Amino acid sequence: MDAPSVPDADFDVLMRELEAIETDHPDLVTLDSPSQQVGPPADTSFTSVTHPSVMLSLDNAFSVDEVRAWHARVVSLVGSDALDESGYMCEMKIDGLAVDLVYVDSVLTRAATRGDGRVGEDVTANVRTISAIPARLSASVPGLLEVRGEVFLPLAEFADLNDALIDDGKRPFANPRNAAAGSLRLKDPRVTQTRSLSFLCHGIGVCEDAEIASLSQAYDHLATWGLPTSDRARLVHSLDEVTAYIADIGERRHGLSHEIDGAVVKVDQISVQRRLGATVRAPRWAIAYKFPPVEVTTKLLDIRVGVGRTGRVTPYAVMEPVKVAGSTVEMATLHNASEVVRKAVLIGDTVILRKAGDVIPEVLGPVLQDRTGSERAFQMPTVCPECGSELRPEKAGDVDLRCPNRRSCPAQLRERLIHLASRQGLDIEGLGEKAVDAIVAQGLVTDEGDVFDLTADKLIQCPLFQRDVKGSTQPALSKIGEKLLGELQAAKTKPFDRYLVALSIRHVGRGVAPLIAAAYHTIDDLASATQEELSQIEGVGPILAESIRAWFEVDWHRAIVDKWKAAGAMAATTQPGAGIAQTLVGLTLVVTGSVPGFSRDEANEAVVARGGKATGSVSKNTDAVIAGDQAGSKLGKALSLGIPVIDASLFPQLLAEGLVAVLPESTDAAEVRHHQG
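What you are looking at is a predicted structure, and each value in this text was computed from that prediction instead of being measured.

Draft legend 1. Highlighting the overall build of the protein. Looking only at helices and strands, the protein has 25 helices and 22 strands in total. At 28 Å, the protein has a C-alpha radius of gyration in line with the 26 Å of a compact globule built from 677 residues. Dimensions of the protein, computed from C-alpha atoms along their principal axes, come out at roughly 85 × 75 × 55 Å. Scored against the burial criterion, the 677 residues of the protein give a buried share of 49%. Restricting the contact set of the protein to residue pairs at least 6 apart, pairs at least 24 apart contribute 66%. Accessible surface for the protein amounts to roughly 31600 Å². Of this, 51% is attributable to carbon and sulfur atoms. Side chains of the protein give 68 positive and 92 negative charges; the mean places of these two sets differ by 4 Å.

As structure tokens, this is what we get:
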């Protein structure tokens, strides 16, 4: 059901306890024991399919000593010479959902979940929406090819998905793995397509008409065929190198774009794998090293509520500070009152806390056996803690309560100003939380429309922006205040799509804003568009179109636009690319890694300003990839698909002269000209 009721670490401990009992008492082992199962039976709401070959699980190791013990068992079965010749394939253990892809004559014909290892759920329609999985391989592969891999949801997309679910009054996912599994099992593939799922291969099952001697060779073939493989997989040749790889991945795990929960070590040579064989549920030639859990326990001291920029009132947990996933955590979201009830947490409980990578910390549930009877239930407030307005749902059936005082509630105004100034919005560094708090507390702005009317005389009313002047009783504007005024002036010329984000229109973020700005070049054009017209924009569905239309129907929202226009904001960016040579018209480009002189957003904006389309994923429709230092898996996919790769140092020339001018000599320039019409 993609909703585990205990932490992974607790499950692992219970499984170890079960295995120990069954080792001591073999007569207790039954066929339905979890130790004898690869996974659960296939969901009967999906069509069941039988895998071409059995899809097993992996045995786990929880310490380096257990990895050494696994290695010793392998040596005892095949001898050290065989292992020295084979080596070990080491790779990340992605925390997602295992799937089995079947290609017939290079065409994807079926995709299924692992299920019980023999029979899985047919999820072909949903898998076809994942851009990382090719519908047809880029090189001819005759016969039957069975590919194993992991479907996962990158951390950034996970955070965006949960924000959207919460905004819609729906229950958020507990973690990216559950989100990936739930998204892949949706009944409507069109919804799955909006979830930004990704995929990496980790093995091959049946492979007809191709001689493959080793796993490392198989990965090379997969990349050549256009299937995504990890650029962090390594072939090593000693146990010391294995343990070094595990340590290295463990240090890097929280800096990755997706969740991993360990490292996998596999014997590389297929012939040695066959000699080692498998148990009823796992191959003997592989082991999964599980990292220490990113779930900890701490004391829940209180539950309070915060008011967001759209008025949604969100309960959050205040806890005894605890170190988790590399940082100290004192607060964690509880999403809404229904979630507090569902999680069954009481103030005073010892609670399980989870924080993976850069994902916001979340309370999973209470440790029931630690209750003393002194705990108390949380009561959702009935009035806004900031302005005293009566809280109510936006519409019948919503689980969220909202403060209706949208314009004047200090909390909502504060959050909207912080959002406006964020990197996703107008990127005004001097308008951080402290500055916003000072401006709102002093009453210098009625709404965000007044932000460009801030002057030195107004800012100097706030102690934060004052500096003492020797020999004078009157303070002067501080350096911080001068910097803020300069940044506000510079922000007036930011691209139109940044302003669309800054307006706090619900569901309009950095992903869809450039698409809207490309369709409607001015705020007036956008304001007059009908809901039906908005729905025709690529990436804009009926819900988002309704949200945009509803925003412009509010009088004080329109007043914000008028104030900004009167202050000279947006005027220089109402026509994207005006005065700029349209050198990239008709081209779809992907930027990966660092580009000298540009942030990622600035590089993408530069592409759009010249008529191109900047996307975040590589596909067969990508015309070129701009790759800088620390380029990731997008570079590997581009190479596997034969897509031109442009060194980031040539990016200014690309913008000035077009793609043909910077293409590698081996690229067919005529084909690129054809794309540009």
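Draft legend 2. Spotlight on the sheet that holds strand β19 (residues 588-592). Strand order in the open sheet made by the four strands is β20-β19-β21-β22, with parallel pairing throughout. Across the chains shown, the open sheet's two edge strands, defined by having one partner strand only, are β20 (613-615) and β22 (645-647). When strand polarity is set aside, the average angle formed by the axes of neighbouring strands in this sheet is 30°. Alignment of β19 against β20, held across three bridges, turns out to be parallel.

Draft legend 3. Up close: the packing of helix α2 (residues 64-78) against helix α9 (residues 239-252). The interhelical angle for the contact between α2 and α9, taken along N-to-C directions, is 145°, at an axis separation of 11 Å. In this structure, α2 crosses over α9, and the sense of that crossing is right-handed. Contact with α2, carried on its side by Val64, Val67, Arg68 and His71, involves Leu239, Asp240, Val242, Thr243 and Ile246 of α9 and no other residues of that element. For the contact of α2 with α9, the residue count by class is five nonpolar, two polar and two charged.

Draft legend 4. Fine view of the sheet that holds strand β5 (residues 107-113). In space, the four strands of this open sheet follow the order β5-β4-β7-β8, with antiparallel pairing throughout. At either end of the open sheet lies a strand with only one pairing partner, and these are β5 and β8 (198-207). Looking at each pair of strands side by side, their axes are set apart by 25° on average, direction ignored. Note that strand β4 (residues 97-104) and strand β7 (residues 144-152) share eight bridges and pair antiparallel. Paired with valine 102 across the bridge in β7 is glutamate 146. Where helix α8 (residues 215-224) meets the sheet, its contacts fall on β7 and β8, and the angle it forms with β8 comes to roughly 120°.

Draft legend 5. Broad picture of the environment of serine 80. Its place among the elements puts serine 80 in helix α3 (residues 80-86). Separated by 224 residues in sequence, serine 80 and arginine 304 place their C-alpha atoms 60 Å apart.

Draft legend 6. Looking closely at the pattern of salt bridges. Counting across every chain of the model gives 27 salt bridges. Among the salt bridges present, the one from arginine 148 reaches glutamate 146, with a minimum N-O distance of 3.0 Å. In terms of burial, arginine 148 and glutamate 146 fall into one category: buried. Here the salt bridges do not stand alone but share partners, grouping Glu339, Arg342, Lys343 and Glu362 into one network.

Draft legend 7. Quick look at the pairing of β7. The buried fraction of β7 amounts to nine of the nine residues, a majority that puts the element mostly inside the structure. Taking every second residue as pointing to the same face, both faces of β7 are buried, with Leu144, Glu146, Arg148, Glu150 and Phe152 on one and Leu145, Val147, Gly149 and Val151 on the other. Inspection of the sheet shows β7 paired to β8 by seven bridges, in the antiparallel sense. Across the sheet, residue glycine 149 finds its bridge partner in β8, namely cysteine 201.

Draft legend 8. Here's a closer look at the packing of aromatic side chains. In this structure the tally under the stated criterion is six aromatic pairs. Pairing tyrosine 289 with phenylalanine 291 gives two aromatic rings, centres 5.8 Å apart and planes at 75°, and the pair type is edge-to-face. Ring geometry for phenylalanine 452 versus tryptophan 564: centroids 6.0 Å apart, planes at 75°, classification edge-to-face. Placement of the pair is phenylalanine 452 in the loop between α13 (433-441) and α14 (456-459) and tryptophan 564 in helix α21 (residues 555-566), with a sequence separation of 112 residues. Each member of the pair, phenylalanine 452 as well as tryptophan 564, carries the same accessibility label: buried. One aromatic cluster is present, built from ring pairs that chain together Phe452, Tyr499 and Trp564.

Draft legend 9. Seen up close, the side chain of arginine 195. On the secondary structure map, arginine 195 appears in the loop between α7 (189-193) and β8. Residue arginine 195 is classed as buried on the basis of its relative accessible area, which comes to 12%. Beyond its immediate stretch of four places on either side in the chain, arginine 195 contacts Leu153, Leu161, Phe173, Ser183 and Leu186.

Draft legend 10. A look at the pairing of β4. Where burial is concerned, most of β4 is hidden: seven out of the eight residues are buried. By the bridge criterion, six bridges tie β4 to β5 in an arrangement that is antiparallel. The residue bridging leucine 101 from the neighbouring strand is alanine 111, located in β5. Here β4 hands over to β5 after two residues, with aspartate 105 in that stretch at a positive phi of 50°.

Draft legend 11. Region of interest: the nonpolar core. Core analysis: the largest hydrophobic core is formed by 55 residues, its most contacted members being Leu431, Phe452 and Trp564. For this core, the secondary-structure elements that each account for two or more residues are α12 (410-421), α13, α15 (479-491), α16 (496-502), α17 (513-519), α18 (523-528), α20 (542-552) and α21. Leucine 431 has contacts with Leu417, Leu420, Ala421, Val436, Ile439, Val451, Leu484 and Glu487, leaving out every residue within four places of it along the chain.

Draft legend 12. Representation of unusual backbone geometry in the model. In this structure, serine 196 takes a positive phi of about 60° despite not being glycine. Position of serine 196 among the secondary structure elements: in the loop between α7 and β8. Given a relative accessible area of 37%, serine 196 falls into the partly exposed group. Even without being a glycine, histidine 335 presents a positive backbone phi close to 70°. Tracing the sequence through the fold places histidine 335 in the loop between β14 (327-333) and α11 (337-343).

Basis of the calculations
Residues numbered from 1 in each chain as written. Predicted model: local features only at pLDDT ≥ 70, side-chain atom pairs only at ≥ 80, totals over all residues. Heavy atoms only, no water. Helix = DSSP H or I, 4+ residues; strand = E, 2+ residues; numbered from the N terminus. Rg over C-alpha atoms; globule rule 2.2 N^0.38 Å. Buried < 20%, exposed > 50% of the residue type's maximum accessible area, 1.4 Å probe, protein only. Contact = heavy atoms within 4.5 Å. Areas by Shrake-Rupley, 256 points an atom, 1.4 Å probe, with all protein chains shown as cover. Lys, Arg positive; Asp, Glu negative; His and termini not counted. Charge placed at Lys NZ, Arg CZ, Asp CG, Glu CD. Pairing = 2+ DSSP bridges. Axes fitted to C-alpha atoms, helices over the stretch in contact; angles between N-to-C directions. Left-handed = near helix turned anticlockwise from the far one by under 90°. Nonpolar A, V, L, I, M, F, W, Y, C, P; charged D, E, K, R; others polar. Salt bridge = Lys/Arg side-chain N within 4 Å of Asp/Glu carboxyl O. Phe/Tyr/Trp six-rings, centres within 6.5 Å; stacked < 30°, edge-to-face > 60°. Core = buried A, V, L, I, M, F, W, Y, C linked by side-chain atoms within 4.5 Å.

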